[in-house]
Amino acid sequence: MQIDLNGITKNGKALFLAYDQGMEHGTTDFDEENVDPEKVLRIADSGFFTGVILQKGIAEKYYVGGGFKVPLIVKLNGKTNLVKDEDPYSPQVCSVKEALSYGASAVGYTIYIGSEFESKMIEEFGKIEQEAEEAGIPVIAWMYPRGRNVPDESDPKVVAYAARVGLELGADIVKIRYTGDPVSFHWVVESAGKTKVVMMGGSKEEESIFLEKVKVAMTAGAIGVAVGRNVWQAEKPLEVAEKINQLIW
Ligand code: FBP
């Protein structure tokens, strides 16, 4: 079934603000300003974004009752980076039902394909996909090739493979690493078929370099970007958000 993406897109395009790094990376990603979820939620609510990605705790304690208009995307699994397992597993920490109770318009889940635990994540994702479809909300798969079997996470072949797995598992949108050039990223988009592709952000880099990637990804057929640090770690987050917004629409 083709799920309606209108709740988290505008004219078919998407710009999501990711703010789950406190769990994934620790508070070293933050400064005095962006450590406060309320402040980042205000950036998300600026009108430049079609969704904000949160773990359940921040959704429950800050989004709920906060009067925010930006649609909520709840990340259903997560892990810390303190455990240095070569083969990562990101367990489910929130159900689709709980996410809906916080007002979620969509849910997200990371699958580390290539990890020795990929089967566990594929299985969990299968159930989530079914529940999300029953609830009529889209499911976004963070398709991250990672683990001992993946020598290069950015290898365009393995990234395209990840996108294809997302399609075959029923993801409505896949969140995918930029492959470095328009031709290979176009192949990633082709590989995803009817599953839409958003480019992931990555660690903070020079604004012009990041904007160029956004431009190329859009030309290659992505529907948008899911970005975190390149916006809320910027000196002027709203200015960067506006520039990304202009490139997407
Ligand atoms: P960024 O734009 O800050 O990279 O956020 C995107 C994201 O996928 C987050 O949702 C997640 O916390 C993080 O990147 C995972 O990063 P890593 O590649 O280090 O696991």
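Structure first, text after, so check above.
In this report, the structure presented in the accompanying data block is examined.

Reading the values: rules and limits
- Residues numbered from 1 in each chain as written.
- Predicted model: local features only at pLDDT ≥ 70, side-chain atom pairs only at ≥ 80, totals over all residues.
- Heavy atoms only, no water.
- 1 Å grid on protein atoms, 1.4 Å probe; cavity = no way out; pocket = protein on both sides within 12 Å on 5 of 7 lines; lining within 4 Å.
- Points joined across faces, edges and corners; volume = space filled by probe spheres on them.
- Nonpolar A, V, L, I, M, F, W, Y, C, P; charged D, E, K, R; others polar.
- Near = heavy atom within 4 Å.
- Polar contact = N/O pair within 3.5 Å; in protein donor to acceptor, adjacent residues only side chain to side chain.
- Areas by Shrake-Rupley, 256 points an atom, 1.4 Å probe, with all protein chains shown as cover.
- Sits in = over half its atoms within 2 Å of the grid points.
- Core = buried A, V, L, I, M, F, W, Y, C linked by side-chain atoms within 4.5 Å.
- Buried < 20%, exposed > 50% of the residue type's maximum accessible area, 1.4 Å probe, protein only.
- Contact = heavy atoms within 4.5 Å.
- Phe/Tyr/Trp six-rings, centres within 6.5 Å; stacked < 30°, edge-to-face > 60°.
- Lys NZ or Arg CZ within 6 Å of the ring centre and 35° of its normal.
- Salt bridge = Lys/Arg side-chain N within 4 Å of Asp/Glu carboxyl O.
- Helix = DSSP H or I, 4+ residues; strand = E, 2+ residues; numbered from the N terminus.

1. A closer look at empty space enclosed by the protein
- The final tally for this structure, using the stated rule, is one cavity of 30 Å³ or more.
- Considering only enclosed or pocket space, the largest cavity measures out at about 40 Å³ in volume.
- If you trace the largest cavity, you find it lined by Met143, Tyr144, Pro145, Arg146, Glu153, Arg177 and Met200.
- Partitioned by chemical class, the residues of the lining of the largest cavity number four nonpolar, no polar and three charged.

2. Digging into the site of the ligand
- For the ligand, the set of nearby residues contains 14 residues, the closest of which are Asp20, His25, Tyr144, Lys175 and Arg229.
- Here His25 contributes a side-chain N or O atom positioned 2.6 Å from an oxygen atom of the ligand.
- For the ligand, whose accessible area on its own is 480 Å², the fraction buried by protein is 91%.
- With respect to the pocket detection grid, the ligand is positioned in the largest pocket.
- Looking at the shell around the ligand, its residues break down into four nonpolar, five polar and five charged.

3. Considering the nonpolar core
- The biggest cluster of nonpolar side chains holds 87 residues, and the ones touching the most others in it are Phe16, Phe49, Ile176, Phe185 and Ile244.
- Setting aside its immediate chain neighbours within four residues, Phe16 contacts Ile8, Phe49, Thr50, Gly51, Ile53, Ile73, Ile140, Ile173, Val198, Val225, Ala226 and Val227.

4. Side note on the packing of aromatic side chains
- Taken as a whole and assessed by the stated rule, the structure comprises eight aromatic pairs.
- Arranged with centres 6.0 Å apart and planes meeting at 25°, the rings of Tyr63 and Phe68 form a pair that is stacked.
- Residue Tyr63 is classed as buried on the basis of its relative accessible area of 11%.
- Sitting over the face of the ring of Trp142, Lys75 holds its NZ or CZ atom 5.0 Å from the ring centroid.

5. A closer look at the pattern of salt bridges
- Under the definition given, this model contains 10 salt bridges.
- Here Glu60 makes a salt bridge to Lys61, at a shortest N to O gap of 4.0 Å.
- Glu60 gets classed as partly exposed once you look at its relative accessible area, which sits at 40%.
- One salt bridge connects Glu168 with Arg164, and the closest N-O pair in it is separated by 3.5 Å. Placement of the pair is Glu168 and Arg164 together in helix H6 (residues 156-169), with a separation of four residues, close to one helical turn.
- Residue classification places Arg164 among the partly exposed positions, given a relative accessible area of 37%.
- Overlapping salt bridges, with partners in common, bring together Asp87, Glu116 and Arg148 in one network.

6. Concerning the environment of Ile113
- Inspection of the secondary structure assignment puts Ile113 in the loop between strand E4 (104-111) and helix H5 (118-135).
- For Ile113, a relative accessible area of 8% gives the class buried.
- Along the primary structure Ile113 and Ala141 are separated by 28 residues, whereas in three dimensions their C-alpha atoms are 11 Å apart.
- Here Ile113 is in contact with Glu118, Met143, Tyr144, Pro145, Arg146, Val150, Val158, Tyr161, Ala162 and Val165, once residues within four sequence places are set aside.

7. Description of the layout of surface pockets
- When its volume is computed, the largest pocket comes out at roughly 370 Å³.
- Lining the largest pocket are 22 residues, and of these Glu24, His25, Tyr144, Met200 and Arg229 lie nearest its centre.
- Where the lining of the largest pocket is concerned, the elements lending two or more residues are helix H1 (21-24) and strand E8 (224-227).
- Looking at the lining of the largest pocket, its residues break down into seven nonpolar, eight polar and seven charged.

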